[in-house]
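One-letter residues, chain by chain:
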There are 2 protein chains.
Amino acid sequence: MTTVLKLGGSVVTAKDEPETVDREALADAADAVADADDELIVVHGGGSFGHPHAAAHAVSDTEGTHDATGVREIHDAMGELNSAVVEALQDRGVSALPVRPLSVASRDDDGTTTFPGEPIATMLGEGFVPVTHGDVVAQAGAGATILSGDEIVTRLARQLDANRVGVCSTVPGVLDDDGRVIDRISDFETVASALGDSEATDVTGGMAGKVRALLELGTPASVFGPAELGAFLSGDRPGTLVHREQ
Amino acid sequence: MTTVLKLGGSVVTAKDEPETVDREALADAADAVADADDELIVVHGGGSFGHPHAAAHAVSDTEGTHDATGVREIHDAMGELNSAVVEALQDRGVSALPVRPLSVASRDDDGTTTFPGEPIATMLGEGFVPVTHGDVVAQAGAGATILSGDEIVTRLARQLDANRVGVCSTVPGVLDDDGRVIDRISDFETVASALGDSEATDVTGGMAGKVRALLELGTPASVFGPAELGAFLSGDRPGTLVHREQ
């Protein structure tokens, strides 16, 4: 059983303090991961580490930079957060190892991402737990652009033929118009009014974009809050199940 | 003109002091790289950073480990040296970016290395200077093993169709029985007596193994000392030219 687990940047960092790990939240998440039986790939977001640096250098998933010092600043900040996550997991006996997208992933000039899967697949086969993250990567014609943790999740889930995807963010699931957690989403149209038009308003990876990408993926995906991480990793389907009808 | 430049670990670190950069030697090397016109890929060795940690965990290019904390210790030490090299280059206006082999490379169970070339090729196309290094990488059946800087040099030179290879170490070239620099080596047999039998005595990447691998590569390679780095990068062929007859 191979599971791709996304830990939202806002789950493991203190959102309003620059480059600050939320130690308590990270410890809780690491405890849950240490108890998991599945073969796990962990992907974390940027939170208060990556986003301020990316904004300062005006770099996004479509706007690039050729300034190597800027690229390094974003990448090093993400490296600090990645080290904190890897360390929290290793402290609990998890054989976590870092995988840095700048080293392995790249984009061609129409924005298509290449993220070779061999290193992660080999790590998994040897019992290691790869821990990767949103990062800045080289893109043909643009210098370097942001590769989001969300895009990494769907890409790796597809390449590694994952059985399940878990998206742990600060909300307890995908919410309807009345703020209640939607139990299951099988197609985008039935929730479009609650989520808004993902094409027009959602280029930064908000919930509509996440849901659309997870539906396209086809792998059963659960969207849930930090309190449900242990339940998800023990096989439950907390929060919202996003899975198109087969 | 694409050049793969190996900076020996002993060139940029203080060999007898654990995890100590030789700041003066690194500054000289970085000055020379900053003056180069070629499209460059820089590969550095481990020196006093990688080797002590690899030895402490009994990890080599053939002996692996499944201890993730050990893997991380070796990898983090190499990351510190890599950061120092990238920073020295960026300080001189070189658009250097780190490429960490643990993230991108892996080995199958017969030891064959996969090192996808897209990220480095994309960086080169955008004017960045990839800076990579000997590292520990996941290997099927063995956990994680050492991928030497020397193997990375020949692998990347082949994949990226490099025009030249430069190997800068602490000796001024390949030396004959009398300690004089050999001007040119076109086949291994003529120098075998001076270098020793590479098969039997040289599993750790000594000079005989380097020469044999560079001859097999087919790309013109120069082996020279730090004083000749500038000359090499301006197009000269200092030290020993290793290149088989075509």
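About the criteria used
- Residues numbered from 1 in each chain as written.
- Chains lettered and ligands numbered in written order.
- Predicted model: local features only at pLDDT ≥ 70, side-chain atom pairs only at ≥ 80, totals over all residues.
- Heavy atoms only, no water.
- Salt bridge = Lys/Arg side-chain N within 4 Å of Asp/Glu carboxyl O.
- Helix = DSSP H or I, 4+ residues; strand = E, 2+ residues; numbered from the N terminus.
- Buried < 20%, exposed > 50% of the residue type's maximum accessible area, 1.4 Å probe, protein only.
- Least-squares fit on C-alpha atoms with pLDDT ≥ 70 in both.
- Contact = heavy atoms within 4.5 Å.
- Pairing = 2+ DSSP bridges.
- Axes fitted to C-alpha atoms, helices over the stretch in contact; angles between N-to-C directions.
- Lys, Arg positive; Asp, Glu negative; His and termini not counted.
- Polar contact = N/O pair within 3.5 Å; in protein donor to acceptor, adjacent residues only side chain to side chain.
- Patch = residues over 30% accessible without salt bridge, like charges linked within 9 Å, V, L, I, M, F, W, Y side chains within 5 Å.
- Areas by Shrake-Rupley, 256 points an atom, 1.4 Å probe, with all protein chains shown as cover.
- Charge placed at Lys NZ, Arg CZ, Asp CG, Glu CD.

*Asks:* Help me understand the pattern of salt bridges in this model?
*Replies:* Close approach of charged atoms allows side chains with opposite charge to pair. The tally for this structure, following the rule as stated, stands at 20 salt bridges over all chains. A salt bridge links D150(A) to K210(A); the shortest N-O distance between them is 2.9 Å. Remark: K210(A) occurs in helix α10 (residues 207-217) and D150(A) occurs in helix α7 (residues 149-159); sequence separation between them is 60 residues. The exposure class assigned to K210(A) is buried, which follows from its relative accessible area of 17%. In this structure, the salt-bridge partner of R92(B) is D31(B), at a minimum N-O distance of 2.6 Å. Taken together, the residues span a long stretch of sequence, with R92(B) in the loop between α4 (68-91) and β3 (96-98) and D31(B) in helix α2 (residues 23-34) at a distance of 61 residues. R92(B) sits in the partly exposed class, given a relative accessible area of 32%. Shared partners join several salt bridges into a network, and the residues in it are K6(A), D150(A) and K210(A).

*Asks:* What am I meant to see in unusual backbone geometry here?
*Replies:* Backbone phi values are negative for most residues with the exception of glycine, while trans is the configuration of most peptide bonds. All names here are of chain A. One non-glycine residue, A58, lies in the positive phi region at around 55°. Tracing the backbone shows A58 in the loop between α3 (47-56) and α4 (68-91). Classification of A58 by relative accessible area gives exposed; the value is 55%.

*Asks:* Explain the relation of the copies chain B and chain A here, please?
*Replies:* Copy one and copy two of the chain differ by a rotation about an axis and a translation along that axis. Each copy of the sequence occupies a distinct position, and chain B is placed on chain A by a rotation of 180° and an axial shift of 0.0 Å, giving an RMSD of 0.0 Å. The symmetry that links the two subunits is that of a two-fold axis. It is V104(B) whose C-alpha, among those of chain B, lies nearest the rotation axis, at 2.3 Å. Same-surface contact between copies: 100% of interface residues of chain B are shared with the interface of chain A.

*Asks:* What's the story with the pairing of strand β8 (residues 143-147) of chain B in this structure? I'm lost.
*Replies:* For a regular strand, side-chain orientation follows a simple rule: the groups alternate between the two sheet faces. Residue and element names in this part refer to chain B. Within β8, five of the five residues are buried, leaving the element largely enclosed by the surrounding structure. With five bridges joining them, strand β7 (residues 135-139) and β8 adopt antiparallel strand pairing. What sits directly across from V137, in β8, is T145. Hairpin geometry of β7 and β8 is characterised by an intervening segment of three residues between the two adjacent antiparallel strands and by a positive phi of about 85° at G141.

*Asks:* Explain the sheet that holds strand β9 (residues 164-168) of chain B here, please?
*Replies:* Hydrogen bonds between backbone atoms are what pair the strands of a sheet, whose relative direction is either parallel or antiparallel. Residues and elements named next belong to chain B. Ordered in space as β3-β6-β2-β1-β9-β11-β12-β10, the eight strands form an open sheet in which the pairing is mixed. Single-partner strands in this sheet number two, and they are β3 and β10 (184-185). Pairing of strand β1 (residues 2-7) with β9, which is carried by five bridges, proceeds in the parallel orientation. When the sheet's bridge partners are listed, K6 is paired in β9 with V167. Here helix α6 (residues 118-125) sits on the sheet in contact with β1, β2 (39-44), β3 and β6 (129-133), set at roughly 135° to β2. In the packing of helix α10 (residues 207-217) onto the sheet, contacts are made with β1, β9, β10, β11 (221-224) and β12 (240-242), and the angle to β9 comes to roughly 175°.

*Asks:* Hey, could you run me through the side chain of E126(B) in this one?
*Replies:* Note that E126(B) resides in the loop between α6 and β6. The charged side chain of E126(B) is buried without a salt bridge, its nearest counter-charge being R107(A) at 12 Å. Polar side-chain contacts of E126(B) include one of 3.4 Å to the backbone nitrogen of A142(A). Those residues within four positions of E126(B) in sequence are excluded, and the remaining contacts are H66(A), Q139(A), A140(A), G141(A), A142(A) and G143(A).

*Asks:* Please clarify how the side chain of N82(B) should be interpreted in this entry.
*Replies:* All names here are of chain B. Locating N82 in the fold gives a position in helix α4. Among the polar contacts listed, one links the side chain of N82 to the side chain of H44, at a separation of 3.2 Å. Residue contacts for N82: discarding those within four places in its chain leaves H44, P98, R100, V131, T132 and H133.

*Asks:* How do you make sense of the environment of G218(B) when you look at a structure like this?
*Replies:* Locating G218(B) in the fold gives a position in the loop between α10 and β11. For the pair G218(B) and D76(B), spaced 142 residues apart in sequence, the C-alpha to C-alpha distance is 34 Å.

*Asks:* Got a minute to help me understand a negative patch on the surface in this structure?
*Replies:* Together, E19(A), D67(A), E73(A) and E80(A) make up a region of like negative charge exposed at the surface. Judged by relative accessible area, which is 31%, E19(A) ranks as partly exposed.

*Asks:* Help me understand α6(B) in this model?
*Replies:* Of the residues making up α6(B), those classed as buried are P119(B), I120(B), T122(B), M123(B) and L124(B). At the exit of α6(B) stands G127(B), carrying a positive phi of roughly 85°.

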